[in-house]
Structures are given as C-alpha cells and as structure tokens.
Amino acid sequence: MFRKIFIIILLSNFSLLTFASNETEKLLKELDDHLSKKEKFHEIKKERIRNLTTDLNDKLNSNELNPAFDICISILNENESFSYDSAFKYVNKLNSIALKLKDPEKISLSKIKMGFTLLSSGMFKESLDTLKSLNSLYMNENLKKEFYNVIARTYYDLADYNN
C-alpha cells in the first residue's frame, strides 16, 4: 500500500517538475527573443531622445522655459538608466532652467533629480549633500514623496555599499 502511494507521489512530482521545466524553457526563449532585439530597442530610445532634444533646443531658443523644463525632465527620464553622462548633462540643464524660472518647486525637483542621478552613479555623499540642501516644508505632496523616496534609497544603497 505504501509502495503504491510512494509511486503516485513520485510520479506526480515528476510531472510537476516536467511542467515547470517546460514553462522555464518557454520563458527563457521569450527572454532570448527580447534580448536579440536589444539594438532595435536602443535605436528607438535614441530616436526618442533625439526628438526630445530637438524640441528642447527649439523651446530654449524661443525662451519658452516652462515647456523646456518639462521636455528636459523627459530627456532626463529617458537617460537615467541609459546613459549616466547624458543624464548628468541634462540634470544640470534642468537645474539651470529651474533657476532662471525662479520657481521653488522646479528648483526642488531639479535638485531631487540631481540627487537621484548622483545616487545612480554611486556618488552617495554628493547625493546626500544635494538632497540635504532642500527644505521639504516648501514642497507639494508629490514632490515630498519623490524627495523622501530618493533620500531613503540613498541611505539604503549607502548602507548596502558599506556592508
């Protein structure tokens, strides 16, 4: 009796393992397919960035700073996980636009973005220095969320780096 139960359990586990293996193979094949299209995805992203850069230059040339700020945020978001050098360039441009606008929320946002860009490159001290220069009392709720999210992540990554 125990022998039959053992064989049934063994066979059912074997079929589950086979199903899991087939599912894993399917997912790995799908991953390989996506990875083989990496260059295509990069070209699409580069084209999007080129179009945004053209729009940004047009807005800056016509001194339309508010739309230029928004476009600069879009370029920065495209570059944050794509190219550190470009992200750093555009976060500095974002800060410059915010200072010209003399808008405290935009200045805070640009500094939060600078903190995140520095954090992403492993420059924890510089990130913390930038973020600590901000006063959250003058931020709206969404900006406060982003601020505390970035500062918490900075401390988390710093602690992880030190251990």
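See the structure printed just above.
From a predicted model like this one, the values you see are computed outputs, not experimental measurements.

Asks: Help me out: how do you make sense of the overall build of the chain in this one?
Replies: Broken down by element type, the chain carries 7 helices and 0 strands. Expressed as a percentage of the 163 residues in the chain, the buried residues total 28%. Only carbon and sulfur atoms are counted for the fraction: they give 58% of the accessible area of the chain, which is about 11,300 Å².

Asks: When you look at the pattern of salt bridges in this model, what are you seeing that I'm missing?
Replies: Note on pairing: side chains with opposite charge can pair once their charged atoms come close. Under the definition given, this model contains 10 salt bridges. In this structure, the salt-bridge partner of Arg50 is Glu47, at a minimum N-O distance of 2.8 Å. Separated by 3 residues within a single helix, Arg50 and Glu47 lie in helix α2 (residues 38–61), roughly one turn from each other. Arg50 gets classed as partly exposed once you look at its relative accessible area, which sits at 42%. Residue class for Glu47 comes out partly exposed when judged on its relative accessible area of 36%. Notably, a salt bridge pairs Lys113 with Glu146, separated by 3.5 Å at the nearest N-O pair. Remark: Glu146 occurs in helix α7 (residues 141–162) and Lys113 occurs in helix α5 (residues 104–120); sequence separation between them is 33 residues. When salt bridges that share partners are traced, they join Lys45, Arg48 and Glu78 into one network.

Asks: Is there a simple way to think about the environment of Ile97 in this case?
Replies: Note on placement: Ile97 falls in helix α4 (residues 84–101). Here the alpha-carbon distance between Ile97 and Ile107, two residues 10 residues apart in the chain, equals 8.6 Å. Discounting chain neighbours no more than four positions away, the residues touching Ile97 are Leu56, Leu60, Leu65, Ala68, Phe69 and Cys72.

Asks: Would you mind going over the nonpolar core with me for this structure?
Replies: Soluble, globular proteins show a tendency: their nonpolar side chains are buried together. One finds Leu56, Phe69, Ile97, Ile112 and Phe147 to be the most contacted residues of the largest nonpolar core, which totals 28 residues. Every element with two or more residues in this core is listed here: α2, α3 (65–79), α4, α5, α6 (124–132) and α7. Sort the elements by how many residues they give to this core and α3 lands first, with 8 residues. Ignoring any residue separated from it by four or fewer positions in sequence, one finds Ile112 in contact with Leu131, Leu134, Met139, Leu143, Glu146, Phe147 and Val150.

Asks: Looking at this structure, how should I read the environment of Phe147?
Replies: Tracing the backbone through its elements, the reader meets Phe147 in helix α7. On the basis of relative accessibility, which here comes to 6%, the residue Phe147 falls in the buried class. Separated by 12 residues in the primary sequence, Phe147 and Asn135 have C-alpha atoms spaced 9.9 Å apart. Apart from residues lying up to four places away in sequence, Phe147 is in contact with Ile112, Leu131, Leu134, Ser136 and Met139.

Asks: Even after reading the chapter, I still don't get the packing of aromatic side chains, so can you show me in this structure?
Replies: How two aromatic rings sit relative to each other is set out by the distance from centre to centre and by the angle between their planes. Applying the stated criterion across every chain yields a total of 3 aromatic pairs. Above the plane of the ring of Phe82 lies Lys45, whose end atom (NZ or CZ) is 5.6 Å from the centre.

Asks: Help me understand the packing of α3 against α5 in this model?
Replies: In helix packing, the relevant descriptors are the interaxial angle and the interaxial distance, both defined with respect to the helix axes. Closest axis-to-axis distance for the α3/α5 pair is 12 Å, and the angle between their directions is 15°. With respect to their mutual orientation, α3 and α5 come out roughly parallel. Of the two possible hands of crossing, α3 and α5 adopt the one that is left-handed. Across the interface between the two elements, Asn66, Phe69, Ile73, Leu76 and Asn77 of α3 pack against Lys106, Leu109, Lys113 and Thr117 of α5. Residues belonging to the contact of α3 with α5 are distributed by class as follows: 4 nonpolar, 3 polar and 2 charged.

Definitions and cut-offs
- Residues numbered from 1 in each chain as written.
- Predicted model: local features only at pLDDT ≥ 70, side-chain atom pairs only at ≥ 80, totals over all residues.
- Heavy atoms only, no water.
- Helix = DSSP H or I, 4+ residues; strand = E, 2+ residues; numbered from the N terminus.
- Buried < 20%, exposed > 50% of the residue type's maximum accessible area, 1.4 Å probe, protein only.
- Areas by Shrake-Rupley, 256 points an atom, 1.4 Å probe, with all protein chains shown as cover.
- Salt bridge = Lys/Arg side-chain N within 4 Å of Asp/Glu carboxyl O.
- Contact = heavy atoms within 4.5 Å.
- Core = buried A, V, L, I, M, F, W, Y, C linked by side-chain atoms within 4.5 Å.
- Phe/Tyr/Trp six-rings, centres within 6.5 Å; stacked < 30°, edge-to-face > 60°.
- Lys NZ or Arg CZ within 6 Å of the ring centre and 35° of its normal.
- Axes fitted to C-alpha atoms, helices over the stretch in contact; angles between N-to-C directions.
- Parallel < 35°, antiparallel > 145°, perpendicular 65-115°, else oblique.
- Left-handed = near helix turned anticlockwise from the far one by under 90°.
- Nonpolar A, V, L, I, M, F, W, Y, C, P; charged D, E, K, R; others polar.

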